[in-house]
Structures are given as C-alpha cells and as structure tokens.
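Residue strings, one per chain:
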Amino acid sequence: MMAYKILILGGTTEARELAARLAGEPRYETKLSLAGRTARPAGQPVPVRVGGFGGAEGLAAHLAGKGIDLLVDATHPFAARISANAAEAARVTKVPLLALRRPGWERGKLDRWTEADTVAAAVVALGERTRRVLVTLGRQELAPLRAHPHHFYLIRSVDPVDPPLDLPDAQYLLARGPFGEDDERRLLIDHRIDAILSKNSGGAATYGKIAAARGLGIEVVMVRRPPKPVVPTVGTVDEAVAEIAHRAASGKNRGV
Ligand code: NAP
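If you're wondering where the values come from, they're calculated on a predicted model, not measured in any experiment. Counting restarts for each chain, with residues numbered from 1 along the sequence as it is written. Given that this is a predicted model, residues contribute local features only at a pLDDT of at least 70 and side-chain atom pairs are listed and counted only at 80 or more, while totals for whole chains, interfaces and linings are drawn from all residues. As a rule here, side-chain values come from all non-hydrogen atoms in the structure, and water together with hydrogens is ignored.

A. Representation of the pattern of salt bridges within the structure. Throughout this description, the term salt bridge denotes a Lys or Arg side-chain nitrogen within 4 Å of a carboxyl oxygen of Asp or Glu. Taken as a whole and judged by the stated rule, the model has 17 salt bridges. Measuring nitrogen to oxygen at the nearest pair gives 2.5 Å for the salt bridge that ties Lys 199 to Glu 141. Placement of the pair is Lys 199 in strand β10 (residues 195-199) and Glu 141 in the loop between β7 (132-135) and β8 (152-157), with a sequence separation of 58 residues. With a 1.4 Å probe rolled over the protein chains alone, any residue whose accessible area is under 20% of its type maximum counts as buried; one over 50% counts as exposed, and the rest are partly exposed. By relative accessible area, Lys 199 is classed as buried at 9%. Ionic contacts of the salt-bridge type, sharing partners, join the residues Arg 107, Glu 115, Asp 117 and Arg 224 into one network. Helix and strand labels come from DSSP, where a helix needs a run of H or I of at least four residues and a strand needs a run of E of at least two; each type is numbered from the N terminus.

Structure, rendered in structure tokens:
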C-alpha cells in the first residue's frame, strides 16, 4: 500500500512533537519543512527540508510535484504569511490542509496586560518613563525598539542578535525554551524588570514568564495575534494525530 504523504510546515514545538508521533507509523511518509531562520534548529524526528518555497505558487508546485496527500500548517501563530500561502496553495491544488494552532493565552484577573496590535504599538505602550523591559519577541522583530532608546532592554533570543541593536542600554541573553516559572521569576527579580514585551504565542513552553509576572505584579505588554486564514483547525498534537489517522483511513485525501 502507498504511504500517506504528509508535509508539515513547522518551526514550532508542536510541529516537532507531531512529527515524532507520526514518525514511527509505516502508513505515513512525513516530511517537515522549516524556514531556515534558526542557525542550529533542534533535532527533528523525520526528514527535513529547509527554506522558502517561493510564495503560494511555489508551495502549490511542491505539493503537486511531491504528490502530497495532506498539508499540515503547524507554523507559529505569528507566522502569518506562510499560513496564507498554505491556504492558497491548498485551494489551488485541492490538497487538503489541516492547521495545528495552539490557543492563545487568556488574560486572568490578576494579570496586568496592555494589549497592542503590532510590535511598534507595543513599544509605544511602554511609555515615556524609563522602564526595565524583558523583550521576548524573537530577533527578527526588534527594529521598533530603536525608536525608543530611553528604556533598558534585556533581549532574549535563541540565536545572537547580530549586529547588536543601536541602543544605549541593552543586554542580550541567549536561551532556548522551555522556560519554567521559577527560573523566569528569578530572571525578572535579578534584572529588576518592570515590564515584559511579549507576543501572545500561547503554549506552555514560554508561559512561565507570564505566570511569574502575574505573581510579581509586573506589566506585560502583549502583542495580539495576526489574523490567520479560516481552515480546518485543531488545537493540540493529540487532536492532529487523531484527525490525520481519520483522514488517512477514510481515504479522504483529495478535495476536502
Ligand atoms: P512568515 O512571515 O509567515 O513567512 C515568511 C516566509 O518564510 C514565507 O513566505 C515562506 O517563504 C517562508 N517560510 C515560513 N515558514 C516556513 C516553513 N515552515 N517552511 C518553509 N518556508 C517557510 O514566517 P516567519 O514569521 O518569518 O516565521 C518563519 C518560521 O519561524 C516559521 O516556520 C514559524 O513557524 C517559525 N517561528 C516563527 C515565530 C514568529 O514569531 N513569527 C516564532 C517561532 C517560530 P516562501 O514564500 O518563499 O515560501
């Protein structure tokens, strides 16, 4: 029997976990696609391809050329372009698409959140007074900080920010999650942080800072998620595994 060919658009913990769950199943042939942003990505449990496809058109050509049966969009909630491309490529090729999107974090009663639609608006929301800010935005999105040089920024990223930003008071921290609440509390206290700049990424791996901020009464300036296309979606890896098994078994591999 021909294996059911799955292409996972990844770059997230969930994509890696899903790939690991599918890896041992001979009925599936799974490949993981990474954009290639991280210099030394974590080891992956299935074969990997790296780099852009060349827009929706390129992705459509890839799906058709490789005979993909199911496209899984397990990219980060803030990776808006690739998700739009995935929806368009699936529409054109009629290859079914399943999105795996972790739910966003919800503001609790004790949380001090200020929400903003963009990183630029979030930096403005830090205000005129000098703050001590933990920045966890990812190194591609730091440019708006330069227009607000009056804060101290502790900038955490997986890969080095190179060249460093032209900022008078910035410190860099290299670290890869998951980050536990106790370690995050220690970091916030040690650096006398009074605001956190974060995206609403969702998921457990980076929630520690949000929980720690709540306990310490620290403000979180939270960037809201960009809109994503409306497509069949699951919220967890377990749901994705079940949905994929169902689709593969029922042979609904075209035109869903
Ligand atoms: P994006 O703005 O949505 O995508 C920009 C371009 O990068 C896409 O048009 C595509 O190029 C290429 N691309 C993105 N994801 C890809 C993938 N999985 N495989 C192959 N090509 C991909 O994405 P982004 O925000 O730069 O994020 C890039 C990657 O980092 C994604 O895989 C995402 O899951 C991961 N990530 C992003 C964030 C974040 O906050 N944005 C956080 C953690 C991880 P072509 O048009 O040439 O195909």
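There's more to say after this.
B. Focus on the side chain of Asn 200. With respect to the helices, strands and loops of the structure, Asn 200 is situated in the loop between β10 and α6 (208-216). We call two residues contacting when some pair of their heavy atoms lies within 4.5 Å. Ignoring sequence-local partners within four residues, the contact set of Asn 200 consists of Phe 78, Gly 104, Trp 105, Trp 113, Met 222, Val 223 and Arg 225.

C. Geometry of the nonpolar core. Ile 6, Ile 8, Leu 18, Leu 22, Val 72, Leu 100 and Ile 244 are the most contacted members of the largest nonpolar core, which totals 21 residues. Contributions of two or more residues to this core are made by β1 (4-9), α1 (13-23), β2 (28-34), β4 (70-73), β5 (97-100) and α7 (237-250). Apart from the residues lying within four places of it in its own chain, the contact partners of Leu 100 are Glu 14, Leu 18, Asp 73, Ala 74, Thr 75, Val 234, Gly 235, Thr 236, Val 237 and Ala 240. The term nonpolar core refers to a set of buried residues drawn from Ala, Val, Leu, Ile, Met, Phe, Trp, Tyr and Cys, joined through side-chain atoms within 4.5 Å.

D. Main features of the sheet that holds β7. When DSSP finds two or more bridges between a pair of strands, those strands are recorded as paired. As summarised here, the arrangement of the six strands in space is β6-β11-β10-β7-β8-β9, forming an open sheet in which the pairing is parallel. The open sheet terminates on both sides in strands that have one partner only, identified here as β6 (113-116) and β9 (170-174). Between one strand axis and the next, the sheet turns through 20 degrees on average, direction left out of account. Where β10 meets strand β11 (residues 219-223), five bridges bridge the pair, whose relative direction is parallel. When the bridges of β11 are listed, Ile 196 appears paired with Val 220. Between N-to-C directions, angles cover 0 to 180 degrees, with each direction set by a line fitted to C-alpha atoms, over the stretch in contact for helices. Seen against the sheet, helix α5 (residues 181-190) touches β7, β8, β9 and β10 and runs at an angle of roughly 150 degrees to β8. Its contacts with the sheet put α6 on β6, β8, β10 and β11, and the angle it makes with β10 is roughly 150 degrees.

E. Expanded view of the sheet that holds β4. Taken in spatial order, the six strands of this open sheet run β3-β2-β1-β4-β5-β12, and their pairing is parallel. Edge strands, defined here as strands with exactly one partner in the open sheet, are β3 (48-50) and β12 (233-234). When β5 meets β12, the two strands line up parallel, connected through two bridges. Across the sheet, the residue bridging to Ala 99 is Thr 233, located in β12. Along the sheet face, helix α2 (residues 55-66) touches β1, β3 and β4 and points at about 155 degrees away from the line of β1. The sheet contacts of α7 involve β1, β2, β4, β5 and β12, and relative to β5 the element is tilted by about 165 degrees.

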